[in-house]
Amino acid sequence: MTDREDVLADLLAHGRHLASVAPVGVPWPPSAVPVTERTAAAATPQPARAEGAAPSDPEAGLAAIREDLGDCQRCRLAGGRKRIVFGQGNPRAELMFVGEGPGAEEDEQGLAFVGRAGQLLTDIIEKGMKMKRSDVWIGNVVKCRPPQNRNPEPDEVLACQPFLERQIEAIRPRVIVGLGKFGGQWLLKTAEPISRIRGRVGEYHGIQVVPTWHPAYLLRNPAAKKDVWEDMKTVLRLLGRPIPGETG
Ligand code: SF4
């Protein structure tokens with residue numbers, strides 16, 4: 001068995017085990033789920049639509065956003081990057097993943113989540129959730145790699161966020177998974193730690209948000225995979241999709 005198969009077998013085994021021993025995991029139905037303070041739909045200005053792009057035309061919307069981004073120099077992260085990582089996937093995705101920012105491999109390739117953590121994310125999507133990675137959209141809170149993979153600074157997040165807001169507005173997924181502290185906190189407009197917001201369903205401008213551990217964290221803490229599997233089962237339920245390993 002390869003490492004990847006091992007990882008997913010482990011993930012699925014956790015899920016099957018938990019399903020077999022007790023009705024654990026995220027409270028259900030979603031209406032009963034405590035919603036974090038977040039949303040701030042009222043406090044957060046609605047993102048501007050991509051100029052010239054109708055909301056029903058996500059491809060054109062995303063192309064316009066990319067064009068507006070240009071050779072972006074709006075924050076200091078521009079100085080150290082090799083490539084802008086715009087994000088990629090299906091412009092009409094019903095599921096979106098939002099992480100923190102590009103790492104070294106992503107910076108090299110100009111693609112989101114293509115390093116080791118990205119491979120684990122692919123496994124979670126394809127082997128765990130039985131979806132295709134090409135059917136979802138994957139992006140980050142900041143589009144340029146922070147030096148030495150440090151955390152993005154608040155002003156950098158602020159400078160970059162109009163583009164992510166517009167991407168979400170163009171794609172209008174049904175569910176967004178916030179990966180790790182930055183993805184989860186940004187989507188839910190909260191300062192609560194990821195350890196407290198994960199496992200709960202929140203909302204971003206009417207779109208359901210499921211925060212979970214970042215795949216890079218899972219590489220360091222494999223025991224947290226069982227949490228992620230519970231969260232991905234929540235995502236599948238929200239999407240009305242079957243849950244692999246569960247019958248009925
Ligand atoms: S991180 Fe965002 S705002 Fe900063 S330079 Fe890159 S694309 Fe522009």
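One can find the structure itself at the top, above this paragraph.
Given the structure is predicted, the values throughout are model-derived calculations rather than measurements.

Colleague: Is there a simple way to explain helix α4 (residues 116–128) in this structure?
Modeller: Helical periodicity: at 3.6 residues per turn, an α-helix aligns residues three or four positions apart in one direction. Between its first and last C-alpha atoms α4 spans 17 Å; for 13 residues at 1.5 Å apiece the expected length is 18 Å, and the two agree. In the segment just after α4, K130 is the residue with positive phi, at about 60°.

Colleague: Would you mind going over unusual backbone geometry with me for this structure?
Modeller: A negative phi angle is the norm for most residues apart from glycine, just as the trans form is the norm for most peptide bonds. A positive phi angle, near 50°, is found at Q148, a position not held by glycine. You can see Q148 is positioned in the loop between β3 (137–140) and α5 (154–171). Although it is not a glycine, N149 adopts a positive phi angle of roughly 55°. Under the relative-accessibility criterion, N149 is labelled partly exposed at 44%.

Colleague: What am I meant to see in the nonpolar core here?
Modeller: Formed by 59 residues in total, the largest nonpolar core has its most connected members in L95, F97, M129, I168, I176, M232 and V235. What M129 contacts, discounting residues up to four positions off in sequence, is L95, F97, I124, W229, M232, V235, L236 and P244.

Colleague: Looking at this model, I keep getting lost on the environment of R166. Mind explaining?
Modeller: In this fold, R166 is placed in helix α5. Taking relative accessible area as the criterion, R166 reaches 12% and is therefore assigned buried. On a C-alpha basis, the gap between R166 and A64 in space is 9.8 Å, while along the polypeptide they are 102 residues apart. Engagement of the side chain of R166 in a polar contact is seen with the side chain of D68, the distance being 2.7 Å.

Colleague: In this structure, what is going on with the packing of aromatic side chains? I would like to understand it.
Modeller: What the rule picks out here adds up to 3 aromatic pairs. Ring centres of W186 and Y204 lie 5.5 Å apart, and the angle between their planes is 25°; this geometry places the pair in the stacked category. With W186 in helix α6 (residues 180–188) and Y204 in strand β5 (residues 202–204), this residue pair connects regions lying 18 residues apart in the sequence. Each member of the pair W186 and Y204 is classed as buried. The ring of F86 carries the charged tip of K143 above its face, separated from the ring centre by 5.8 Å. Taking the ring centre of W186 as reference, the NZ or CZ of K189 above it sits at 3.7 Å.

Colleague: Can you help me understand the pairing of β3 in this one?
Modeller: Moving residue by residue along a regular strand, the side chains alternate between the two faces of the sheet. Burial of β3 is two-sided: the residues W137 and G139 facing one way and the residues I138 and N140 facing the other way are all buried. Taken together, the 2 bridges between strand β1 (residues 88–89) and β3 define a ladder with antiparallel strand orientation. Residue Q88 lies in a different strand from β3, and its bridge partner there is I138.

Colleague: What's the story with the sheet that holds strand β4 (residues 175–179) in this structure? I'm lost.
Modeller: Backbone hydrogen bonds are what pair the strands of a sheet, in a parallel or an antiparallel way. Across the sheet, which stays open at both edges, the 6 strands sit in the order β1-β3-β2-β4-β6-β5 with mixed pairing between neighbours. Lying at the two open borders of the sheet, with one neighbouring strand each, are β1 and β5. Here helix α9 (residues 225–239) sits on the sheet in contact with β2 (95–99), β4 and β6 (207–212), set at roughly 170° to β6.

Calculation criteria
- The residue numbering used here restarts from 1 in each chain and proceeds along that chain's sequence as written.
- In view of the model being predicted, local features appear only for residues whose pLDDT reaches at least 70, and side-chain atom pairs are presented and counted only at 80 or more, with totals across whole chains, interfaces and linings using the full set of residues.
- To obtain the side-chain values, all non-hydrogen atoms of the structure were included, while hydrogens and water were left out.
- What counts as a helix is a DSSP run of H or I of at least four residues, what counts as a strand is a run of E of at least two, and both are numbered from the N terminus.
- Given a helix with a known number of residues, its expected span is that number minus one, times 1.5 Å.
- Residue burial is assigned from relative accessible area. The probe radius is 1.4 Å, only protein chains are included, and a residue is buried under 20% of its type maximum, exposed over 50%, and partly exposed in between.
- We define a nonpolar core as any set of buried Ala, Val, Leu, Ile, Met, Phe, Trp, Tyr and Cys residues linked to one another through side-chain atoms lying within 4.5 Å.
- Residues are treated as being in contact if the distance between any of their heavy atoms lies within 4.5 Å.
- Whenever a nitrogen or oxygen atom comes within 3.5 Å of another N or O atom, the pair is scored as a polar contact, on the condition that within protein one atom can donate a hydrogen and the other can accept it, and that pairs from neighbouring residues in sequence are kept only if both atoms are in side chains.
- Aromatic rings from Phe, Tyr and Trp, taking only the six-membered ring of Trp, are treated as a pair when their centres fall within 6.5 Å; an angle between ring planes under 30 degrees marks them as stacked, one over 60 as edge-to-face, and anything in between as tilted.
- Geometrically, a charge over a ring is one whose NZ (Lys) or CZ (Arg) sits within 6 Å of the ring centre while staying within 35 degrees of the ring normal.
- Think of it this way: DSSP has to see at least two bridges between two strands before they count as a pair.
- Axes here refer to lines fitted to C-alpha atoms; in helices the fit is confined to the stretch in contact. Angles between the N-to-C directions go from 0 to 180 degrees.

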